[in-house]
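# Residue-level structural notes
Okay, here's what each chain looks like letter by letter:
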Amino acid sequence: MSAGVELDRIEKTYGATTTLRAATLDVKPGEFMTLVGPSGCGKSTLLRIIAGLLPQTSGEVHIDGASIDHLPPRERDIAMVFQSYALYPHMSVAENVATPLKVRRLSRMARLPALGRLLPGQARTRREITDEVRRVADLVEIGPLLERKPAALSGGQRQRVALARAIIRDPRVFLMDEPLSNLDARLRVTMRAEITALHRRLGATFIYVTHDQTEAMTMSSRVAVMMDGTIIQCSTPQGLYEAPEDLRVARFIGSPEINVVASDTVAGWEGGNTRLGQLLQRPLHIAFRPEAVRLSAESAAQTDMLHLSCHIERTERLGHDVLLFLRVLADGAGVTARIPAADFARLDAPGGVLTASLHPADLLAFGPDGKRVALPGLAAATNRGLSHVG
Ligand SMILES: Nc1ncnc2c1ncn2[C@@H]1O[C@H](COP(=O)(O)OP(=O)(O)OP(=O)(O)O)[C@@H](O)[C@H]1O
């Protein structure tokens, strides 16, 4: 049975250092929630507090509405998968996977390798455990590896064993701390899909920690962005990308990074409409995604788009897309654009100079404190879905 997890203003201090500050999060039963944020922001600390491996300084952890703060880790009904896999090196894969069930179902005596087999009444339990190990091993496709020791496995296979050992406990909640970070890029992509499929099959609650935004965006039902020990926004992947509430979220989510310029710079750009001119009179950070930039070799047409004459400083080919690193001729602002390679091929930029255009509706604004500011009254983009090249 999957369970909801509520974190209520969790604080953690080490002496004078505050690692978590009022971290609050509501994870729904069966949800795939990812905590993402830069190194050192407190993700692992928060996960360890949920697991009961670390006590919080204040705040409460609830599962299905009931506080679990008084429970030791093994009574929380939570399984944790670590980046390091944490397998027992002297045990076979089968023994590693079976350990949680043996601890739960067999007495201390019965768990002793030689003596245990002689005790009456244990054979049936042992058979059940073996069957369960086989079932779970098949689920993560390690059936043929059950007799091997961890040292004889690849990184990806070790990670599957660690997953199997978590699954066999049938916990209410799975916690995963950067489980893919020791794998090479190719295997990470495969395992990403496998963990997502596993989540669907199990229907369990997953709380997953990563510093990799692609992992967060592709796997999760919702993503909680952590910075400086607190959760600054929790939303669907699309919600974070399209409607970041904080400039730090806008910058963290999306690759290449979102463009950010000062409002007085944008106010000096050609075009736009009167409403935009009014809005830009305040000191704001103005941000726009690289794919919102449209490129044309011709000079600006008369629309309410913003137009910038730019010099191409550098290009990077990403296969389907091309990144263009542009410098605005008038004010030296740097702008990154991302366009399909086919459009780039058609783009004729004499002397490396072209016009970049932006629709006011594609601009996001953030106040001096970094919080999102609405830009009301800007017309919805009328040209979405058209080619990026004019
Ligand atoms: N025992 C400790 N004593 C003092 N500070 C600690 C201790 N454990 C962790 N910290 C600090 O708490 C902060 C958060 O650490 P944590 O491991 O939770 O970060 P993280 O977001 O998981 O980072 P990473 O992605 O690098 O694993 C870090 O600045 C770390 O140095």
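Residues numbered from 1 in each chain as written. Predicted model: local features only at pLDDT ≥ 70, side-chain atom pairs only at ≥ 80, totals over all residues.

Right, let's talk about the overall build of the chain for a bit. A tally of helices and strands in the chain yields 12 helices and 20 strands. Along the first, second and third principal axes, the C-alpha set of the chain runs to 90 × 45 × 35 Å. Relative to its 390 residues, the chain shows a buried fraction of 36%. Residue pairs at least 24 apart in sequence account for 67% of intrachain contacts in the chain once pairs closer than 6 positions are excluded. (Helix = DSSP H or I, 4+ residues; strand = E, 2+ residues; numbered from the N terminus. Buried ≥ 20, exposed ≤ 12 C-beta atoms within 10 Å, placed from the backbone. Contact = placed C-beta atoms within 7 Å.)

Our next topic: the site of the ligand. Lining the immediate environment of the ligand, one finds Tyr14, Thr17, Thr19, Gly37, Ser39, Gly40, Cys41, Gly42, Lys43, Ser44, Thr45 and His211. If you tally residues by element for the shell around the ligand, the top one is helix H1 (residues 43-51), at 3 residues. By residue class, the composition of the shell around the ligand is 2 nonpolar, 9 polar and 1 charged. (Near = placed C-beta within 6 Å. Nonpolar A, V, L, I, M, F, W, Y, C, P; charged D, E, K, R; others polar.)

Sheet architecture is open: 4 strands sit in the order E2-E1-E4-E5, paired in antiparallel fashion. Bordering the open sheet on either side are strand E2 (17-27) and strand E5 (66-67), each of which pairs with just one other strand. Strands strand E1 (5-14), E2 and strand E4 (58-63) of the sheet are contacted by H1, whose axis makes an angle of about 115° with E1. (Pairing = 2+ DSSP bridges. Axes fitted to C-alpha atoms, helices over the stretch in contact; angles between N-to-C directions.)

In terms of domains, the chain is made up of domain 1 (5-247) and domain 2 (257-373). The distance between the C-alpha centroids of domain 1 and domain 2 comes to 42 Å. Taken together, the 4 residues of domain 1 in the interface contact 6 residues of domain 2. Residues belonging to the side of domain 1 that touches domain 2 are distributed by class as follows: 2 nonpolar, no polar and 2 charged. (Domains from an automatic or database assignment.)

Here the focus is the packing of helix H5 (residues 155-167) against helix H6 (residues 185-202). Following both chains from N to C, one finds H5 and H6 inclined at 15°, their axes separated by 12 Å at the closest point. The angle between H5 and H6 places the two elements in the roughly parallel class. In the packing of H5 onto H6, the handedness of the crossing is right-handed. Here Gly156, Gln159, Leu163 and Ile167 of H5 come into contact with H6, specifically with Leu187, Met191, Leu198 and Leu202. When its residues are assigned to classes, the contact of H5 with H6 shows 6 nonpolar, 2 polar and no charged. (Parallel < 35°, antiparallel > 145°, perpendicular 65-115°, else oblique. Left-handed = near helix turned anticlockwise from the far one by under 90°.)

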